[in-house]
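# Close look at the chain arrangement
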Amino acid sequence: MRFLKNIENQAITVKQLSIIKAFLVMLLAILLEVLGQIPIEILNIFFKHFTKAAPYLNFVTGVLVKYFTIILLLKWFSKDSCEKSCKKSLNRNNFICVALIIIGFRIAYDNSLIYWVNKIPMPDFINQAFEELAIKPIVMILSVAVIAPIYEEIVFRGILLKGMANKMNPTLALIVSALFFALMHMNIPQGINAFLLGLIIGSIYLNTGSIYLSIFAHFINNSVGISISAVFQLISGKYAILMHGTAFIVGSIIIIVAYRWLKQNKPGDRLDIYKEFIEI
């Protein structure tokens, strides 16, 4: 995926986006995905007798739709950078910081807001989508933990957030991009989580400029979400409130400490030509 490397190394520049234009870009991305469902439905008609293979077929065609959606969006809303491309000097500490930030967020969120959010009913089409994914665990894991982080981070951080931050106050761009990220989920329960997550991952992206770290953060969030997040909901009994409250405070402290650590050790830029000189 050369386009991903180009975003990371700043070989391409995202065009300036106003809030209205960024909203239209988001709608365009959704429209392209919807149009991409047409050939998927046609294939399902022809292969309706192969029910076991259907989830895998839908997954592969869905990945192709997302790939071409990204290609079109970058073609329309980015241009080759006039500056020399730079390679981010990422190290192990950067990834550890990001992982701790997201784990802290999950601990704090899963022991506080989630208990009110879960009382809000999910739309039937969302529940049905989760049920279909659950039929094939491998497809669910790949879709939620791998494909979604790559696709959504490129669109919402690499294009929308970057494009708005190039035109307006980065803090405003961060809030608006997180709001768009929430709206894209098309339901209140996921939207609340997505808005908060969008603020956190967006802050990581603005401070590091690394789409790789954003994708990694999203990967950690989704992986934890489908594995151990539900464990906190099993806490009950006399000291449940105390345990949840303690976990919330611990999670919040982890976020603050890890975020400060990341800012102190954020990756720097290094020209590719300099890297080649070192390797020689």
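Residues numbered from 1 in each chain as written. Predicted model: local features only at pLDDT ≥ 70, side-chain atom pairs only at ≥ 80, totals over all residues. Heavy atoms only, no water.

Before going further, it helps to spend a moment on the overall build of the protein. The secondary structure content of the protein amounts to 12 helices and 4 strands. For the protein, buried positions account for 40% of its 280 residues. Counting only contacts in the protein whose residues sit at least 6 apart along the sequence, the fraction spanning at least 24 positions is 85%. If you sum the accessible surface of the protein, you get close to 15600 Å²; carbon and sulfur atoms cover 69% of it. (Helix = DSSP H or I, 4+ residues; strand = E, 2+ residues; numbered from the N terminus. Buried < 20%, exposed > 50% of the residue type's maximum accessible area, 1.4 Å probe, protein only. Contact = heavy atoms within 4.5 Å. Areas by Shrake-Rupley, 256 points an atom, 1.4 Å probe, with all protein chains shown as cover.)

With that settled, consider empty space enclosed by the protein. Over the atoms rolls a probe the size of a water molecule, and its path tells where empty space is left. In total, this model carries 1 cavity of 30 Å³ or more according to the counting rule given. One number sums up the size of the largest cavity: a volume of about 50 Å³. Every residue along the wall of the largest cavity is listed here: Met26, Ala29, Ile30, Glu33, Tyr151, Val155, Phe156 and Met184. Among the elements of the structure, α2 (19-46) and α7 (137-165) are those that each provide at least two residues to the lining of the largest cavity. By residue number, the principal contributor to the lining of the largest cavity is α2, which donates 4 residues. Along the lines of polarity and charge, the residues of the lining of the largest cavity split into 7 nonpolar, no polar and 1 charged. (1 Å grid on protein atoms, 1.4 Å probe; cavity = no way out; pocket = protein on both sides within 12 Å on 5 of 7 lines; lining within 4 Å. Points joined across faces, edges and corners; volume = space filled by probe spheres on them. Nonpolar A, V, L, I, M, F, W, Y, C, P; charged D, E, K, R; others polar.)

For the rest of this paragraph, the subject is the pattern of salt bridges. The final tally for this structure, using the stated rule, is 3 salt bridges. One salt bridge connects Asp110 with Arg106, and the closest N-O pair in it is separated by 3.0 Å. Residues Asp110 and Arg106 agree in their burial class; the two are buried. (Salt bridge = Lys/Arg side-chain N within 4 Å of Asp/Glu carboxyl O.)

As a further point, take a nonpolar patch on the surface. A grouping of Met1, Val60, Leu64, Tyr67, Phe68 and Ile71 is seen on the molecular surface, where their side chains present a nonpolar patch of about 560 Å² in accessible area. Position of Val60 among the secondary structure elements: in helix α3 (residues 54-77). A relative accessible area of 44% means that Val60 is categorised as partly exposed. (Patch = residues over 30% accessible without salt bridge, like charges linked within 9 Å, V, L, I, M, F, W, Y side chains within 5 Å.)

So, on to the packing of aromatic side chains. The full count for this structure, using the stated rule, is 7 aromatic pairs. Ring centres 5.3 Å apart and planes at 80° place the aromatic pair Tyr67 and Phe68 in the edge-to-face group. Given a relative accessible area of 35%, Tyr67 falls into the partly exposed group. Considering the side-chain rings of Phe95 and Phe216, the 5.1 Å spacing of their centres and the 85° angle between planes classify their relative orientation as edge-to-face. Linking Phe95 in helix α4 (residues 92-109) with Phe216 in helix α10 (residues 211-225), this pair joins segments that are 121 residues apart in sequence. Through pairs of rings, three or more aromatic residues link up here, namely Phe3, Tyr67 and Phe68. (Phe/Tyr/Trp six-rings, centres within 6.5 Å; stacked < 30°, edge-to-face > 60°.)

What follows deals with α3. Counted at 1.5 Å a residue, the expected span for α3 with its 24 residues is 34 Å, and the 34 Å between its end C-alpha atoms agrees. Among the residues of α3, those classed as buried are Pro55, Thr61, Gly62, Val65, Thr69, Ile70, Leu73, Leu74 and Phe77. (Expected span 1.5 Å × (residues − 1).)

A few words now on the packing of α4 against α10. One way to put it is that α4 packs onto α10 with a least axis distance of 9 Å and a crossing angle of 40°. By the criterion of interaxial angle, the relationship of α4 to α10 is oblique. Crossing handedness for the pair α4 and α10: right-handed. Residue-level inspection shows Asn94, Phe95, Val98, Ala99, Ile102, Ile103, Phe105 and Arg106 of α4 in contact with α10, the latter providing Leu213, Phe216, Ala217, Ile220, Asn221, Val224 and Gly225. (Axes fitted to C-alpha atoms, helices over the stretch in contact; angles between N-to-C directions. Parallel < 35°, antiparallel > 145°, perpendicular 65-115°, else oblique. Left-handed = near helix turned anticlockwise from the far one by under 90°.)

Honestly, it's all geometry; don't read function into it.
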